[in-house]
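Residues per chain are reported as follows:
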Amino acid sequence: MKKPLGAALFALVIAGAGAAPAVAAPAPTERAAAPTLQAVNFAGTVSLSNCSGSVIRFPNSADTDPALVLTNGHCLETGFPAPGEVIVDQASSRSFGLLNASATRVGTLRASKVAYSTMTDTDVTIYQLTTTYAQIKSTYGISPLTLNDTHPVAGTAITVVSGYWKKTYACNIDGFVYRLKEGDWTWKDSVRYTSACNTIGGTSGSPVVDNATGKVVAVNNTGNEDGQTCTVNNPCEVDASGNVTVRQGINYAEETYQIPACFGAGNKLNLSASGCTLPKP
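All chains use their own residue numbering, which begins from 1 and follows the written sequence. Two thresholds apply to this predicted model, a pLDDT of at least 70 for residue-level local features and 80 or more for giving and counting side-chain atom pairs, whereas whole-chain, interface and lining totals are computed over all residues. Remark: hydrogens and water are excluded; side-chain values derive from all non-hydrogen atoms of the structure.

### Looking at the overall build of the chain
By definition, any uninterrupted DSSP run of H or I lasting at least four residues is a helix, any uninterrupted run of E lasting at least two residues is a strand, and each is numbered from the N terminus. Helix and strand counts for the chain stand at 2 helices and 16 strands. Per-residue burial for the chain yields a buried fraction of 53% across its 281 residues. Of the contacts formed within the chain by residues at least 6 apart in sequence, a portion of 65% connects residues at least 24 apart. Only carbon and sulfur atoms are counted for the fraction: they give 50% of the accessible area of the chain, which is about 10,900 Å². We call a residue buried when its accessible area falls under 20% of the maximum for its residue type, exposed when it is over 50%, and partly exposed in between, using a 1.4 Å probe and counting protein chains only. Throughout, a contact is declared for two residues whenever any of their heavy atoms are within 4.5 Å. Residue burial considers only the protein chains on display, and all accessible areas are found by Shrake-Rupley using a 1.4 Å probe.

Structure (structure tokens):
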């Protein structure tokens with residue numbers, strides 16, 4: 001998992017102590033070059049204490065709705081959700097550093113709750129904020145990123161935008177993985193990047209943006225670091241026949257197109273809604 005910081009905390013997680021997710025991110029050494037397309041910049045992305053994320057809306061969200069922040073399930077401040085675990089409506093006061101287009105931190109946003117979090121089938125956490133989209137726009141002049149509600153397409157030019165590192169990674173969607181297995185967790189229909197997206201620890205939770213539309217098509221979450229098979233930080237690909245493939249140095253994301261169907265008016269979570277396929281508690 002392209003996770004957060006603190007190797008010592010990671011050891012606690014593996015030992016079952018429930019510490020916050022970990023894996024040391026190296027100190028920043030350079031700033032990324034400006035994105036090549038005007039549609040892709042840092043506006044609306046956020047930095048977490050140990051991960052990246054973004055302020056997101058759905059196609060039917062209203063400006064008066066409470067804003068949402070998208071990151072990974074393994075970035076949850078209370079530790080990795082267990083396999084099969086789904087967390088909804090959990091109190092949170094987590095803070096997020098809001099970035100503008102040039103990656104300058106312009107303000108702090110705060111969560112009111114964890115609306116949804118899981119590492120089963122996908123790897124997502126969605127926070128509800130104490131502010132609305134309209135309030136964020138009025139105060140900071142920044143609009144949210146919109147989640148695309150259709151399945152991404154192989155070959156699409158994408159940019160992974162890390163608010164933690166203030167760095168971007170440009171590549172293409174190489175294809176899709178039937179099952180991506182890492183340690184005790186398994187994710188379905190994951191996005192595999194071409195090799196140019198060499199994401200690192202701390203990029204977890206970064207939005208994966210379609211360069212042509214500016215919409216979010218996935219959330220960055222992991223990569224095979226050492227060539228090991230199906231271990232933590234070394235996910236393996238499993239096809240429908242059970243064949244296992246290891247691609248050292250290749251990185252992955254989890255699709256987000258299925259999320260909008262699970263949120264209704266007022267950005268309220270409704271896991272029973274028609275078309276909602278997210279795992280349920």
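### Details of the state of the cysteines
What we call a disulfide is simply a covalent bond connecting the sulfur atoms of a pair of cysteines. Only a pair of cysteine sulfur atoms within 2.5 Å counts as a disulfide in this structure description. All chains considered together, the criterion is met by 4 disulfides. Two residues share a disulfide in this structure: Cys171 and Cys197, whose sulfurs sit 2.1 Å from each other. Between Cys171 and Cys197, the S-S torsion sits near -95°, and that sign places the bridge as left-handed. Taken together, the residues Cys171 in strand E10 (residues 167-182) and Cys197 in the loop between strand E11 (185-193) and strand E12 (207-210) connect sequence positions 26 residues apart. Here Cys171 and Cys197 have matching classes, each one buried.

### With respect to the nonpolar core
Ranked by size, the top nonpolar core spans 38 residues in total, and within it Val55, Leu70, Phe96, Leu129, Ile259 and Phe263 carry the most contacts. Put simply, the parts of the chain that give this core at least two residues each are strand E2 (52-57), strand E3 (66-71), strand E4 (86-91), strand E5 (95-99), strand E6 (105-118), strand E7 (124-132), helix H2 (133-140) and strand E13 (216-223). Per element, the largest residue contribution to this core is 5 residues, and it comes from E6. Each residue touching Leu129, except ones within four places of it in the same chain, is listed here: Pro66, Ala67, Leu68, Val69, Phe96, Leu109, Arg110, Ala111, Ser112 and Ile136. Buried Ala, Val, Leu, Ile, Met, Phe, Trp, Tyr and Cys residues that are joined via side-chain atoms within 4.5 Å together make up what is termed a nonpolar core. One finds Ile173, Val191, Val208 and Val217 within the second-largest nonpolar core, a separate group that totals 12 residues.

### Observations regarding the side chain of Thr71
Structurally, the position occupied by Thr71 is in strand E3. Assessed through its relative accessible area of 0%, Thr71 is described here as buried. Contacts described as polar in this section are N or O atom pairs within 3.5 Å, which, within protein, must combine one atom able to donate a hydrogen with one able to accept it, while residues neighboring in sequence count only if both atoms come from side chains. Here Ser52 takes part through its backbone oxygen, which lies 2.8 Å from a polar atom of the side chain of Thr71. Leaving out residues up to four positions away in the same chain, Thr71 has contacts with Leu48, Cys51, Ser52, Gly53, Asp123, Val124, Thr125, Tyr127, Ser204, Gly205 and Val219.

### Topic: the environment of Thr78
As for its position among the elements, Thr78 is in the loop between E3 and E4. Along the sequence, Thr78 and Ser92 sit 14 residues apart, while their C-alpha atoms lie 9.6 Å from each other. Of the polar contacts made by the side chain of Thr78, one reaches the side chain of Gln90; its length is 3.4 Å.

Scope: geometric values only; no functional claims are made or implied.
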